[in-house]
Structure formats: structure tokens, C-alpha cells
Amino acid sequence: MTRVLVTGASGYVGARLCGMAPPEMDLWGTRLNGSCPPGVREVFCDLLDEDSIRRAVASSRPDLVFHLAYDFQRPEEIIAQGTCRLLDALEPRPVARVLLLSTDMVFDGDCAPYSEKDEPCPITPYGRAKREAEESVLSMGGLVIRTSLVYGSRPLDPRSRDLLAGLRGQGFGYPYFTDEVRSPVWVDGLCVGLWEVARLERPPGILHLAGPQALDRHAFATRLAGAWGFPEESIPKGSLAAYPYSRPRNTSLDIGLARRILGFSPRSVARATVMTGSE
């Protein structure tokens, strides 16, 4: 069996990735606060602590690593430096493959749609930290997968939970930008793509796995609301012009390469099966 270590296995994408693993995978998952899904051998791992990382690697002895763990609040320490600590811990033993899940936020938003050949130019702390992590992984011969807003149901992803709570009258925590464009991707399609990449004998160093549509944040929210049976008019609109920090306006991703080499065919938002508001 292939021994697989998933950092961030207790998170939304990590849990779904583990749940969709091929049967020949011996799954190990890191956790910090939450719990890993059933069937995953759980190991504690704090990306701030070198000893913790080394113990997790020594316990799992992975052939394949999906590096999904991140932290929006401490991006430089957890994402950039934490990735370096993980790679250092892996370096003494040969690892078949290290795959980093990165983001469309490594781009500045001025020249979308972005292909794998476009030069990153991040303008947010999160984007800069992810770009540093990308460079570290690529320098070690690993793979970088860039994606965008991940959504799904059963359970709902965190952003969709917030939206549904607002639609149910519990208040919206933030407005939805009409001038920030992304490529929302259904979590199941993303995870299928990740496992397919891991199986490639000669994968590209960088690959984009995102949704097929470029949608602004408000348009994306209104499509989910409509699928749940809620009126679109209740969703608050916002503009990046009024936002106090710099954010890229359009980071939509070109997924043509993934279509060609994987047969990657992600669902559109309209086709995605989302939970209804009554569930």
C-alpha cells in the first residue's frame, strides 16, 4: 500500500480528500485542533514546532504527501515557514511526491485568466506566503496545485455556512464583492483531480484545478442562494474600493492544461449539487 500523509486532514478539503482516497492508500492525517475523519491514522502536528513535524513524519513514513494545512491569521509563520519545516523533516528520507495545495491569490489580479506559465505577483499576506511555499516545494522537486474558492455540501464548506446563516436571518458577517472575480470549485471535483495528479508518472510542476466559471463573489453567492430557495436581493453587496486592504480583482484560473492531461471536467456552479436551505 502507498503510505499517504495529509497535512490539514481535519480541515474541510483534507477530510474530503481522505474520504475519496483510493482503497490502496494507507492514510495518515495531521491535526492541530480538530479530528481527522474515520479511517485515517491521526498524528498531532504543529507547523510551528520542528519536533512535532519530525514526529509526524517519523510515524507516518509517507510515500506521498498532500500539504493542505494553512492559517489565514499567521500566513508567514504557518504557511511559508511551516512548509520549509515540513520539507526539512521529509528530506532525510526519499519521498515519492510532495503536493502543495496553493491558491489563485498568488496573482495580482490584473491579467486574468491565469495559466501555469504566468508569473505570480501576490499582493496579500496570504498570497505572498503561499508563493513562498510554492517556491520551496518546487525547489525540492514537488508539485504545486493552485485552486480557488472551494465549496461543497454534506457538510457545507465554511463560507457557504456563513452565507446560509445570513440568509436565515442570523446576520451577514461581511458583504459580497461585486468586483472580485474567482473560479469557484466543487470540492469533490477538486479532490478527484488531486488524486489523479498524484497518480501521474510525469506530472507538471504546477497545475491549476479550479472551477470552469469566472464569477464575482456576489454572483457566486446569489447562485448558491437561488439553489437553496432564498431571494438574491437579501445578500449584501460590497466593493473592493471600500475595502481597507489590497486584494486582487480577478484571479480566475485557466484550467486548459488540467483538461488536457487529466480529462479534468469540473462542475459548473449551476450543475453542482448543493444542499437546500431546509436541510
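Quick caveat, the model's predicted, so the values are computed rather than measured. (Residues numbered from 1 in each chain as written. Predicted model: local features only at pLDDT ≥ 70, side-chain atom pairs only at ≥ 80, totals over all residues. Heavy atoms only, no water.)

**Student:** Honestly, helix H2 (residues 50-60) in this entry has me stumped. Any pointers?
**Tutor:** Since the α-helix advances by 3.6 residues per turn, residues separated by three or four positions end up pointing in the same direction. Turning to H2, its buried residues are Ser52, Ile53, Ala56, Val57 and Ser60. Projected down its long axis, H2 carries its buried residues within an arc of 130°, all on one side. Summarising the geometry of H2, the exposed residues directed more than 90 degrees from the buried face are Arg55 and Ala58. On its buried face, H2 sits against strand E1 (2-7), strand E2 (25-31), strand E3 (41-44) and helix H3 (75-90). Between the side-chain oxygen of the N-cap and the backbone nitrogen of Asp51 there are 3.1 Å, and the N-cap of H2 in question is Asp49. Of the residues trailing H2, Arg61 is marked for its positive phi of about 45°. (Buried < 20%, exposed > 50% of the residue type's maximum accessible area, 1.4 Å probe, protein only. Helix = DSSP H or I, 4+ residues; strand = E, 2+ residues; numbered from the N terminus. Arc of directions from axis to C-beta. Contact = heavy atoms within 4.5 Å. Polar contact = N/O pair within 3.5 Å; in protein donor to acceptor, adjacent residues only side chain to side chain.)

**Student:** Could you clarify how one ought to interpret helix H6 (residues 187-199) in this entry?
**Tutor:** Given a rise of 1.5 Å per residue, 13 residues ought to cover 18 Å, and the 19 Å separating the end C-alpha atoms of H6 matches this to within 8%. Every buried residue of H6 is listed here: Val187, Leu190, Cys191, Gly193, Leu194, Trp195, Val197 and Ala198. (Expected span 1.5 Å × (residues − 1).)

**Student:** Is there a simple way to think about the packing of H2 against H3 in this case?
**Tutor:** Working note: a packed helix pair is described by the angle between its axes plus the distance between those axes. For the pair H2 and H3, the least separation of the axes is 9 Å and the interaxial angle reads 45°. Between H2 and H3, the angle falls in the class oblique. Taken as a pair, H2 and H3 cross one another with a handedness that is right-handed. The segment H2 lies against H3, with Glu50, Ile53, Arg54 and Val57 engaging Gly82, Arg85, Leu86, Asp88, Ala89 and Leu90. Its residues assigned to classes, the contact of H2 with H3 shows five nonpolar, one polar and four charged. (Axes fitted to C-alpha atoms, helices over the stretch in contact; angles between N-to-C directions. Parallel < 35°, antiparallel > 145°, perpendicular 65-115°, else oblique. Left-handed = near helix turned anticlockwise from the far one by under 90°. Nonpolar A, V, L, I, M, F, W, Y, C, P; charged D, E, K, R; others polar.)

**Student:** Even after reading the chapter, I still don't get the nonpolar core, so can you show me in this structure?
**Tutor:** Side chains of a nonpolar character, in soluble globular proteins, are inclined to be buried together. Ranked by internal contacts, the top residues of the largest apolar core, which has 38 residues, are Phe66, Leu194 and Leu209. For this core, the secondary structure elements donating two or more residues are E1, helix H1 (12-19), E2, strand E4 (64-67), strand E5 (97-103), strand E6 (143-147), H6 and helix H8 (256-262). The element that contributes the greatest number of residues to this core is H6, accounting for seven residues. Ignoring any residue separated from it by four or fewer positions in sequence, one finds Leu194 in contact with Leu17, Phe66, Leu99, Leu101, Ile145 and Leu209. Listed in part, the 26 residues of the second largest apolar core include Ile53, Ile78, Val98 and Val137. (Core = buried A, V, L, I, M, F, W, Y, C linked by side-chain atoms within 4.5 Å.)

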